[in-house]
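# Per-entry structural report
So the chains spell out like this:
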Amino acid sequence: MIIGLDAASPPLIERWIDRLPNLRTLYQSGTHGTLLSIVPPSSVPAWQCFATGKNPAKIGVWGFLSIGPDRRLRHGKTTEEIGCLWDTCGKAGLRVGVFNIPGTYPPYPVNGFMVSGFPTPPGKDWAYPKDLMKRLDQTVDGYEIDVPLTKPSEMRGGEEAYLAQVERLHTKSLESAKLLLEWFKPDLFFMTLQGIDMVQHDFSRYMDRPESEYSNVVRDWYIRLDQAVGELREFTTPETYLLALSDHGSMPITTSFHVNEYLKAQGILKVKNRSEKKSREIYTPLRKMILKTLPPNAIKAVYRLTPDRIAHKLTVSAQHERTLTRLVDSIDWSNTKAFSTGGPQAAIYINSTNYNAGSLQNPELRAELVENLETMLGELTHPSTGERIRAVYHRREDTFQGPYAMEAPDLAVELFGKDEKIHINITLGSGEIWTFAPHLSSEHVREGFWCMTGPGVPKNLRLDASILDLAPTLQKMLRLEVSQDVDGKILTQLLGQAIVIHAED
Ligand SMILES: [Zn+2]
């Protein structure tokens, strides 16, 4: 049983461990540690990298949305070809269940079932086998995959209304997971719960403000998720291997760095003369108006009843789509050397196709520009404290290996202030390089957690690992062939005297 607690952070688990009896028990009766996520530490592709043991350049998944070398938007997808554990195990005869893993829309046939995680467009099929949709819908009174609203500030009823939505979604997710375990009794079950990620982004800002009525929201959601782990554990036996993990952690943010405005100020990025405002922009005001005016239940109905094409345009992921599209539209490609598509690490691409008739295809010039960017970004100081910003660089050639490496950012940069991560904003047009109070109050970092219990798994052992290590380790434990092209290593400590399960009924 694999339970993903999206974005659960080791420092916060440690801080509240006395209130998390289930995780504490798992830590004590098994092996646990920090789980280092991939670059970029976004739910997609982090869950896909976990499930395959491969870096993004081997599976060609870069995010929910990314810009390809052709500057077109791409949606990160999970397919049978990338070799997720649920597919390799399914082929070996194990019955698998895949529930609510981000980036698994569209669902596809597995030896068992698959219920898509977010983002899933409204009105589309979200389960294999298809009749599972009706069954879940009926049992939990309308199955839900996501909250349509991610910014409490934009929503009628604000924080309270938002929390009620997260609460309802969580209850339905947990209920559905338990039903699926009961109905299918899979040999391997993969699932995630999204509650922590959802509240962390919006409520971290209140965490150390005891005067706020929301000061304990994040803590209380760690407790909720711990309880969920307890309820799911009731479906296990002493022979079950239980793995709980997060795909990344999170850190507070208070400051935004407008990376493309910065590149523009340095003469590295040029903007087209403003002429065309695209008609698609009408959806932003429309969406804002709907969210601010209608109560949440009515919004749900709007999403459900409007034609797919329009409903999609009102979602948050469509908003992200518009931000990227606007970026591509506003850049003067023939005079731009580099640009960033953002993310938890500013993904910076060298514009090698058009710039100076492709002269940046020249590896030396490219290396020089990457080096210059590193030097420049390394000299940034925090706009309010004056302190040097700490920059962590991930160059393409050191970070990404595989057939899709050419789609990887030439340079990914994480920026940190004192006790916080710097938020990356990619929009152009404000003319400002630094702003404060971004709409989110936490950002993903690479440090997540993991813990595992089961026959032969060492007790009370601390072992830090890479998120890529778990797939080959599980394959080994299941006596399946370990894929040749994995990037992770087998955690041999876990294999000690492991009793191995066979692929049989
Ligand atoms: Zn995540």
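Up top you'll find the structure we're talking about.
The following refers to the structure shown. (Residues numbered from 1 in each chain as written. Predicted model: local features only at pLDDT ≥ 70, side-chain atom pairs only at ≥ 80, totals over all residues.)

By size, the foremost hydrophobic cluster in this structure holds 115 residues, and its most contacted members are Trp86, Phe190, Leu225, Leu243, Ala244 and Ala338. Among the elements that line this core, the one with the most residues is helix H9 (residues 217-233), at seven residues. Setting aside chain neighbours within four positions, we find Trp86 in contact with Ala51, Val96, Val98, Val110, Leu188 and Phe190. (Core = buried A, V, L, I, M, F, W, Y, C linked by C-beta atoms within 7 Å. Buried ≥ 20, exposed ≤ 12 C-beta atoms within 10 Å, placed from the backbone. Helix = DSSP H or I, 4+ residues; strand = E, 2+ residues; numbered from the N terminus. Contact = placed C-beta atoms within 7 Å.)

This next bit is on unusual backbone geometry. As a rule of thumb, non-glycine residues mostly have phi less than zero, and peptide bonds are mostly trans rather than cis. Note that the residue after Val44, namely Pro45, is joined by a cis bond; omega there is 20°. By the element assignment, Pro45 lies in helix H3 (residues 43-52). In the segment running from Tyr105 into Pro106, the intervening peptide bond is cis, with an omega of -5°. Counting through the fold element by element, Pro106 comes out in the loop between strand E5 (96-101) and strand E6 (112-116). The backbone of Asp141 shows a phi angle near 60°, a positive value even though the residue is not glycine. With 10 C-beta atoms packed within 10 Å, Asp141 lands in the exposed category. You will see that Lys185, though not glycine, has its phi angle at about 40°, which is positive. Among the structural elements, Lys185 can be located in the loop between helix H7 (158-184) and strand E8 (188-193). We classify Lys185 as exposed; it has 12 C-beta atoms within 10 Å.

A word on the environment of Ala471. Relative to the elements of secondary structure, Ala471 occurs in helix H17 (residues 470-477). Spatially, the C-alpha atoms of Ala471 and Val486 are 8.4 Å apart, while their sequence positions differ by 15 residues. Contact partners of Ala471, with chain neighbours within four places excluded, come to Phe50, Ala51, Thr52, Gly53, Leu85, Val486 and Gly488.

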